[in-house]
Amino acid sequence: MKITLIAVGKKMPAWITQGYQQYAKRLSQDCVLELIEVDSGKRSNKSSALVTKAEDAKNISKAIPKNTYIIALDEKGRQYSTKALSSKLDGWLLLGKDLAIIIGGADGLETSILNLANEKWSLSELTLPHPLVRVLVAEQLYRAWSLLNNHPYHRV
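None of these values were measured; they are calculated from a predicted model.

A. Molecular detail of the sheet that holds strand β5 (residues 119–121). Here we have five strands laid out as an open sheet, ordered β2-β1-β4-β3-β5, and parallel in their pairing. The strands lining the two open edges of the sheet, one partner per strand, are β2 (32–38) and β5. Each strand axis lies, on average, 30° off the axis of its neighbour in the sheet, ignoring direction. Bridging between strand β3 (residues 68–78) and strand β4 (residues 98–103) involves five bridges; their strand directions are parallel. Paired with Ile71 across the strands is Ile101, a residue of β4. The strands that helix α3 (residues 82–94) touches are β1 (2–8), β3, β4 and β5; relative to β5, the one it contacts most, it runs at about 150°. Its contacts with the sheet place helix α5 (residues 130–148) against β1, β2, β3, β4 and β5, and it is angled at close to 165° to β1.

The structure is reproduced here in structure tokens:
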């Protein structure tokens, strides 16, 4: 299965890129993680968050691969324990479809993107910096995969 992580924003600090790559490369051939960065909507004093989110939505929509199971990261989504996420990943693997996980911009995701999603996932009730979310998602997917494969990374 291929998991496409679609993230709003480009030009991340080196430590974000390195952190993401560290976990993405640890996943095996049966669970490949690929990052697609999309341009963020232009913010100015004259544009509202709605305008920015609409631009983000256009860029995200273009990046979503066809025939994928879509998961939107959203504060109102479901939260998982590590074991529950591992079980969820197992279910996603059994779908026989690739996944697209979407990370919105600073203003979140537009309703049109949330409506496309098959599921909504919340990482935490905390507000997290969007660049850091890439690393966090990659690490949690790797941890969930390691649990499924009896790899010692996750210690119980």
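From this point, things continue past the structure.
B. Layout of the packing of aromatic side chains. What the rule picks out here adds up to four aromatic pairs. For the ring pair Tyr142 and Trp145, a centre distance of 6.0 Å and an interplane angle of 25° mean the geometry is stacked. Of this pair, Tyr142 and Trp145 both sit in helix α5, three residues apart, which is roughly one turn of the helix. Considered together, Tyr142 and Trp145 belong to a single accessibility category, that of buried residues. Of the aromatic side chains, those joined through ring pairs into one cluster are Tyr23, Tyr142 and Trp145.

C. Representation of α3 in the model. A rise of 1.5 Å per residue sets the reference length of α3, with its 13 residues, at 18 Å; its end C-alpha atoms lie 19 Å apart and thus fit the reference within 8%. Looking only at α3, the buried set comprises Leu85, Ser86, Leu89 and Trp92. One side of α3 carries all its buried residues, which in axial view fall inside an arc of 115°. With respect to the buried face of α3, the exposed residues turned more than 90 degrees away are Lys83 and Leu94. At its buried positions, α3 is contacted by β1, β3, β4, β5 and α5. With its phi angle positive at about 75°, Gly96 sits one or two positions after the end of α3.

D. Quick look at the layout of surface pockets. Empty space within the largest pocket amounts to approximately 500 Å³. As for the largest pocket, its lining consists of 22 residues, and the residues nearest its centre are Leu73, Asp74, Glu75, Gly108 and His130. If you list the elements that add at least two residues to the lining of the largest pocket, you get β3 and α5. Ranked by residues supplied to the lining of the largest pocket, first place goes to β3 with four residues. Grouping the constituent residues of the lining of the largest pocket by class yields 10 nonpolar, six polar and six charged.

Scoring rules and cut-offs
- Residue positions are given per chain, counted from 1 along the sequence in the order it is written.
- At least 70 in pLDDT is required for a residue's local features to be given in this predicted model, at least 80 for side-chain atom pairs to be given and counted, and no such filter applies to totals for whole chains, interfaces and linings, which use all residues.
- Where side-chain values are given, they derive from all heavy atoms of the structure, hydrogens and water being excluded.
- Whether two strands pair depends on DSSP finding at least two bridges between them.
- Per the convention used, a helix needs a DSSP run of H or I reaching at least four residues, while a strand needs a run of E reaching at least two, with both numbered from the N terminus.
- For helices, the fitted axis covers only the stretch in contact; all axes are lines through C-alpha atoms, and the angles between them, taken along N-to-C directions, range from 0 to 180 degrees.
- Any pair of residues with heavy atoms lying within 4.5 Å of one another is described as a contacting pair.
- Side-chain rings of Phe, Tyr and Trp, where Trp is taken by its six-membered ring, are said to pair if the distance between their centres is within 6.5 Å; with planes under 30 degrees apart they count as stacked, over 60 as edge-to-face, and otherwise as tilted.
- Type-normalised accessible area, obtained with a 1.4 Å probe on protein chains alone, sets the label of each residue: buried when under 20%, exposed when over 50%, and partly exposed for intermediate values.
- One fewer than the residue count of a helix, multiplied by 1.5 Å, yields its expected span.
- By definition, the arc is the one covered by directions from the helix axis to the C-beta atoms.
- Using a 1 Å grid laid over the protein atoms alone, points where a 1.4 Å probe fits but cannot get out form a cavity; open sets with protein on both sides within 12 Å along at least 5 of 7 lines form a pocket; any residue with an atom within 4 Å of a point counts as lining.
- Grid points are joined across faces, edges and corners, and a volume is the space filled by probe spheres set on the points.
- Throughout this entry, Asp, Glu, Lys and Arg are counted as charged residues, while Ala, Val, Leu, Ile, Met, Phe, Trp, Tyr, Cys and Pro are counted as nonpolar. The remaining residues, Gly among them, count as polar.

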